[in-house]
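Each chain is listed here by its residues.
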Amino acid sequence: MAAAVAGAFEDGGILLAEAATGTGKTLAYLVPAILSRERVLISTGTKNLQEQIFFKDIPALRDALGIPFTATYMKGRSNYLCLHRLDQLSEGASGDGATLALSHDVFLPIIRDWSTTTETGDRAEIEDLPEDIAFWNEVSATAETCLGADCPRYDDCFVTRMRQRAAASDIVIVNHHLLCADAAVRQNAFGEVIPACGRAIVDEAHQLEDVATQYFGFSVSTYRIEDLARDVDRLVAAGVVIEQRDRGEIGKAVDRLRDRARAFFTELAYAHRSDDRPRNEERVRATPTSLLDASDAAAHLTGAIDIVEATLACLVRLKPDATTDIGDTVDRSVRLQPDVTDTADSSEQVGTLVRRAGELRTELRFLLRASEPEYVYFVEFRGRGVFLRASPIDVSAIVRNLLLDRMRTTVLTSATLTVDGAFGYIRDRLGIRSAAEIRLPSEFDFERQTLLYLPRRMPDPRSPEFAGAAGREVIEILKRTRGRAFVLFTSYATLRAVQAMAEMALDYPIFVQGSIPRSLLLKRFRETPHSVLLATSSFWQGVDVVGEALSCVIIDKLPFASPGEPVMAARIEAIRARGGEPFDEYQVPLAILALRQGLGRLIRHRRDRGILAVLDPRLRTKGYGRRFLASLPSAPVVHDLDAVSAFLAADLV
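The rules behind each value
Residues numbered from 1 in each chain as written. Predicted model: local features only at pLDDT ≥ 70, side-chain atom pairs only at ≥ 80, totals over all residues. Heavy atoms only, no water. Helix = DSSP H or I, 4+ residues; strand = E, 2+ residues; numbered from the N terminus. Buried < 20%, exposed > 50% of the residue type's maximum accessible area, 1.4 Å probe, protein only. Contact = heavy atoms within 4.5 Å. Phe/Tyr/Trp six-rings, centres within 6.5 Å; stacked < 30°, edge-to-face > 60°. Lys NZ or Arg CZ within 6 Å of the ring centre and 35° of its normal. Salt bridge = Lys/Arg side-chain N within 4 Å of Asp/Glu carboxyl O. Disulfide = S-S within 2.5 Å. Axes fitted to C-alpha atoms, helices over the stretch in contact; angles between N-to-C directions. Nonpolar A, V, L, I, M, F, W, Y, C, P; charged D, E, K, R; others polar. Core = buried A, V, L, I, M, F, W, Y, C linked by side-chain atoms within 4.5 Å. Arc of directions from axis to C-beta. Pairing = 2+ DSSP bridges. Polar contact = N/O pair within 3.5 Å; in protein donor to acceptor, adjacent residues only side chain to side chain.

Enquirer: I'd like to hear about the overall build of the chain, residue by residue, with values.
Expert: Each helix and strand in the chain was counted, giving 24 helices and 18 strands. With 653 residues in all, the chain has 53% of them scored as buried. The contacts of the chain with a sequence gap of at least 6 include a subset with a gap of at least 24, amounting to 78%.

Enquirer: Please set out unusual backbone geometry residue by residue, giving values where relevant.
Expert: Residue R37 is not a glycine yet carries a positive backbone phi of 65°. Topologically, R37 is positioned in the loop between α2 (25–35) and β2 (40–44). Phi is positive for R484, close to 55°, though the residue is something other than glycine. Positionally, R484 belongs in the loop between α17 (466–481) and β13 (485–488). For R484, a relative accessible area of 11% translates into the label buried.

Enquirer: Mind laying out the packing of aromatic side chains, listing which residues take part and the relevant values?
Expert: Scanning the entire structure with this criterion turns up 18 aromatic pairs. Residues F444 and F446 carry aromatic rings whose centres are separated by 6.1 Å and whose planes lie at 85° to one another, so their mutual orientation is edge-to-face. Both residues of the pair, F444 and F446, count as buried. Each residue in the set F218, F366, Y375 and Y377 is aromatic and connected to the rest through ring pairs, giving one cluster. Here the basic side chain of R62 rests over the ring of F69, its NZ or CZ set 4.7 Å away from the ring centre. Just above the ring of F647 sits the side chain of R609; from NZ or CZ to the centre is 4.2 Å.

Enquirer: I'd like to hear about the pattern of salt bridges, residue by residue, with values.
Expert: The tally for this structure, following the rule as stated, stands at 39 salt bridges. When the shortest N-O distance is used, the salt bridge between E437 and R427 registers 2.9 Å. With E437 in strand β11 (residues 436–440) and R427 in helix α15 (residues 424–430), this pair connects stretches of sequence that are 10 residues apart. When its relative accessible area of 43% is taken as the criterion, E437 is described as partly exposed. By relative accessible area, which is 18% here, R427 ends up buried. Salt-bridge contacts for D616 lead to R618; the nearest nitrogen and oxygen are separated by 2.6 Å. For the pair D616 and R618, one class covers both residues: buried. Overlapping salt bridges, with partners in common, bring together R283, E380, R382, R389 and E565 in one network.

Enquirer: A description of the state of the cysteines should follow, citing residues and the corresponding values.
Expert: Per the stated rule, a full pass over the model turns up 0 disulfides. Free cysteine C146: the closest other cysteine sulfur is in C157, separated by 6.4 Å.

Enquirer: Explain the packing of helix α20 (residues 566–577) against helix α21 (residues 582–599) to me, using residue names and the numbers behind them.
Expert: The packing of two helices is summarised by the inter-axis angle and the distance between the axes. For the pair α20 and α21, interaxial distance at closest approach is 9 Å and the crossing angle is 145°. Listed contacts from α21 to M568, R571, I572, I575 and R576 of α20 are P582, E585, Y586, Q587 and L590. Considered class by class, the residues forming the contact of α20 with α21 number 6 nonpolar, 1 polar and 3 charged.

Enquirer: Residues and numbers for the nonpolar core, please.
Expert: Ranked by size, the top nonpolar core spans 83 residues in total, and within it L41, L81, I111, I171 and L412 carry the most contacts. At 7 residues, the largest contribution of residues to this core is made by helix α8 (residues 176–187). Not counting chain neighbours up to four residues away, the residues in contact with L412 comprise I14, L15, L16, A17, V202, A205, L208, L404, L417, L430 and I432.

Enquirer: Please provide a residue-by-residue account of helix α1 (residues 2–11), values included.
Expert: Considered for burial, the residues of α1 that qualify are V5, A8 and F9. For α1, the angular spread of buried residues about the axis comes to 100°, placing them on one side. Of the exposed residues in α1, those oriented more than 90 degrees away from the buried face are A3, E10 and D11. Buried residues in α1 make contact with β1 (13–19), α2, β2, β5 (199–202) and β10 (409–414). In the stretch just after α1, G12 is the one whose phi turns positive, near 80°.

Enquirer: Talk me through the sheet that holds strand β17 (residues 610–614); I want residue IDs and the actual numbers.
Expert: With respect to topology, 7 strands assemble into an open sheet ordered β14-β15-β13-β16-β17-β12-β18, the strand pairing being parallel. Each edge of the sheet is formed by a strand with only one pairing partner; in this case those strands are β14 (510–512) and β18 (637–638). Along the sheet, α17 makes contact with β12 (450–453), β13, β15 (532–535), β16 (552–555) and β17, crossing β16 at roughly 175°. Its contacts with the sheet put α21 on β13, β16 and β17, and the angle it makes with β16 is roughly 150°.

Enquirer: I'd like a rundown of the side chain of D122, residues and numbers included.
Expert: Topologically, D122 is positioned in the loop between α5 (98–115) and α6 (136–139). Among the polar contacts made by the side chain of D122, one reaches the side chain of K75 at a distance of 2.9 Å. Excluding residues that lie within four positions of it along the chain, D122 makes contacts with Y73, K75, N79, Y80 and W114.

Enquirer: If you had to explain the sheet that holds β10 to someone new, which residues and values would you point to?
Expert: Strand order in this open sheet of 7 strands is β3-β4-β2-β5-β10-β1-β11, and the pairing throughout is parallel. Two strands lie at the open edges of the sheet, namely β3 (71–73) and β11, each paired on one side alone. For this sheet the average axis-to-axis angle between neighbouring strands, irrespective of direction, equals 15°. Direction of pairing for β2 relative to strand β4 (residues 171–175): parallel, over a ladder of 5 bridges. Looking at β4, one finds that L41 is bridged to V172.

Enquirer: If you had to explain helix α24 (residues 641–649) to someone new, which residues and values would you point to?
Expert: An α-helical turn contains 3.6 residues, so any two residues separated by three or four positions project in the same direction. Residues L641, V644 and F647 constitute the buried set of α24. Buried positions in α24, seen along its axis, are confined to an arc of 115° and lie on one side of it. In α24, the exposed positions that point more than 90 degrees away from the buried face belong to D642 and A649. Here α24 starts with a cap whose side-chain oxygen sits 3.2 Å from the backbone nitrogen of D642, and that cap is D640.

Enquirer: Can you lay out the pairing of β17 for me, pointing to particular residues and giving the numbers?
Expert: The buried count for β17 comes to 5 of 5 residues, which makes it a mostly enclosed element. Pairing between β12 and β17: 4 bridges, direction parallel. Across the sheet, the residue bridging to L451 is I611, located in β17. Where β16 lies against β17, 4 bridges are found, and the strand directions are parallel. Opposite I555, over in β17, you have V614 as the bridge partner.

Enquirer: Go over the environment of Y377, please, and point to the residues and values.
Expert: Assignment of secondary structure puts Y377 in strand β8 (residues 375–382). Under the relative-accessibility criterion, Y377 is labelled buried at 4%. Taking the C-alpha atoms as reference, Y377 lies 9.3 Å from F218; in sequence the two are 159 residues apart. Residue contacts for Y377: discarding those within four places in its chain leaves R285, A286, F366, L367, A370, S371, E372, R389 and A390. In this structure the side chain of Y377 is engaged in a polar contact, spanning 3.1 Å, whose partner is the backbone nitrogen of E372.

Written out as structure tokens, the structure reads:
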């Protein structure tokens, strides 16, 4: 693989490299990257891999190669502490609500003390800080609140220093979200996030389409509006607005904004929420017709945003551009333009809020029309939040034009890039026209290290009887493996049904996704003997547990994405419209890659050994099942639990 990457650096162009787990692909591409003596950009799908490369692989290669080189990693702004926002909180302004007030008392002293010693400002350094704590949003760096060079803490800014380190580094390690952010900024001539590079290596490249879909879309949410309202409140509380009359006007405008937002999102939710699915799992397609029910509330919300913008603009004698419209030239750059600048820090802060209000109004108007054919529009319910979103249906041209074509060399690698033994699927989804290819077989001996268990009799996975049958199978498998398992589900409904059965029938510790933060969940699983982890899609990839702690991976159903999910539905319609067959061309390949990722959690080392189990009978009963089976490791297939017991009892020679 290292030779193939070196060849791509020499010849230019694109290299597609599928390297099975155990290949050592990070070392394989880092060595030629370092030896090239050019700046090389490395993008990963997860922060975990970013940190592994920077803290483990880079130091090992620095010692092994004996060649001086520099490296840094870059994350999105929200991972870094904003010293200016911390100063504001420390001076007395705090978030609304009892929960935020409690977090303020508990975590503010911890973060303040850490801020005096940290070199990077990366929140990952604070091990005791929960991943999902809302308080971090009060002190993190954001594009919306950034004052740029006019910030009083600009010289100390962790984001500024991160970019300065990257500009002086040979190896720059980012993640796919930051890669997409940089592409959009460069497209619109607003500078750069990542320093210029001619060579890029995209690891975990199978995730790139999903990240581009998320990033190059539009979104207005309850959270985004509340963030704006809260930041205006803070500005007033901090004394930026001096005149009492001005304070009163701004207070009324913000109260009106909150009231109108509450009414709009209530109407939006009522028009799009279905009763047959839990709210926190739901995405519902939006159309011009479906949005009509919320049109009056939308007009009132737009007016409230206009009033906030105009009231703030009067403070710094700014004239809001009330006619700004995305129109037919839809462009993500509306949120990436440089901040409004002014000589006074207070005017800069007010000007930034004016810009944010204008951008919010512009995006809301675009989303409410729901008329651009290149986008799919939908309402998403996540936790307590409601989102109105638009996502591009096809990102292939975006990826090709903004990412691939601007590089002299791009290496795209993953353990799962091929379907049916070929790269055709990933080429089509990412807009790749010409590329060199290499497939590297696994270093593992799956015939000796694993067993694939397919139950002989299981009901149709779409039937009501499936969850009960799956629960009984899971219990019997876990009795034989003595826990030590991931049980991965395609839906929360089946997870909960199996959880209820397993907790009654088994004495092993059972951890469930969502009960505690993900990192803590994995830590406890690794540390607790004979434990079981029940999880859904986010645990199907990017999770490593080496050794006896994980000796079994059970998957309930083939991981087909729901055809009713708005982005999936729009892509199915687009393929059908051009005369294609979406099930064979898109749905099955996508599910095959997901299944390979899920089963890939088990064998991470030559000494690992265990059971792969798929409970879905369609692997054996449907014609497309052969495509799935052909994509799986070459492990012996068994259909009865006695064979599972015998395998586990045998010593690995």
